[in-house]
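# Working through the structure, step by step
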Amino acid sequence: MDAVALSIVTVTRPDTTLAVTRGAARLLAEMAYAPLAEVCLPNGRRADLMALGPRGEIVIVEVKSSAEDYLTDRKWGEYAPYCDSFYFAVAPHFPVDLLPAEPGLIVADGFGGAVVRDAAWTPLVAARRKALTLAFARLAAFRR
């Protein structure tokens, strides 16, 4: 019988970010949201995922690949004026006790995800919703 060689696979932070982003986007699509990755917001920040729901609702998802990523990046509070609901998306091994209780929580891997905690609903003002929806549609059309 031939010997079987095994090797250790090291998962890097960019690999984790890519997998969690992909899984969270797949989850959003299953929930009837149209997700776009890496969306620049009017305030200059970049949302990891922004999604448009079937009734025009806007969701932003901030992907955190590690505890270090979360602890060194506190810009997520600046996304609230541009969405109805805000979620963190993390890998299954992420220490979720580090995250604040207010935002929603998605746990995801490269194949899909699950909403662990629903996000609070804070409706956008109609004028901002219209402007964001038009910008979202144009961005999606130009990416095709």
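The structure displayed is predicted, hence computed values, not measured ones.

Procedures and definitions
Residues numbered from 1 in each chain as written. Predicted model: local features only at pLDDT ≥ 70, side-chain atom pairs only at ≥ 80, totals over all residues. Heavy atoms only, no water. Helix = DSSP H or I, 4+ residues; strand = E, 2+ residues; numbered from the N terminus. Contact = heavy atoms within 4.5 Å. Pairing = 2+ DSSP bridges. Axes fitted to C-alpha atoms, helices over the stretch in contact; angles between N-to-C directions. Core = buried A, V, L, I, M, F, W, Y, C linked by side-chain atoms within 4.5 Å. Buried < 20%, exposed > 50% of the residue type's maximum accessible area, 1.4 Å probe, protein only.

### Describing the side chain of S85
On the secondary structure map, S85 appears in strand β4 (residues 85-90). If we skip the residues at most four places from it in the chain, S85 touches I58, V59, I60, A119, A120 and W121.

### Considering the sheet that holds strand β5 (residues 104-109)
Spatially, 6 strands are ordered β1-β2-β3-β4-β5-β6 in an open sheet, and the strand pairing comes out mixed. In this open sheet, the two edge strands, each paired with only one partner strand, are β1 (34-40) and β6 (112-117). In this sheet, adjacent strand axes meet at a mean angle of 30° when their direction is disregarded. Where β4 meets β5, 4 bridges bridge the pair, whose relative direction is parallel. The residue of β5 that forms the bridge with F88 is L105. Docked against the sheet, helix α1 (residues 13-30) engages β1, β2 (46-52), β3 (58-64), β4, β5 and β6, running at close to 115° with respect to β5.

### Let's talk about the nonpolar core
One finds L41, M50, I60, F86, F88 and L99 to be the most contacted residues of the largest nonpolar core, which totals 21 residues. Those elements that place two or more of their residues in this core are β1, β2, β3, β4 and α3 (126-143). Among the elements that take part in this core, β4 stands out by supplying 3 residues, more than any other. Once residues within four sequence positions are removed from consideration, I60 is found in contact with L41, A47, L49, M50, Y79, Y82, C83, S85, F86 and Y87. In this structure, L49, V63, Y87 and A91 belong to the second largest nonpolar core, which totals 17 residues.

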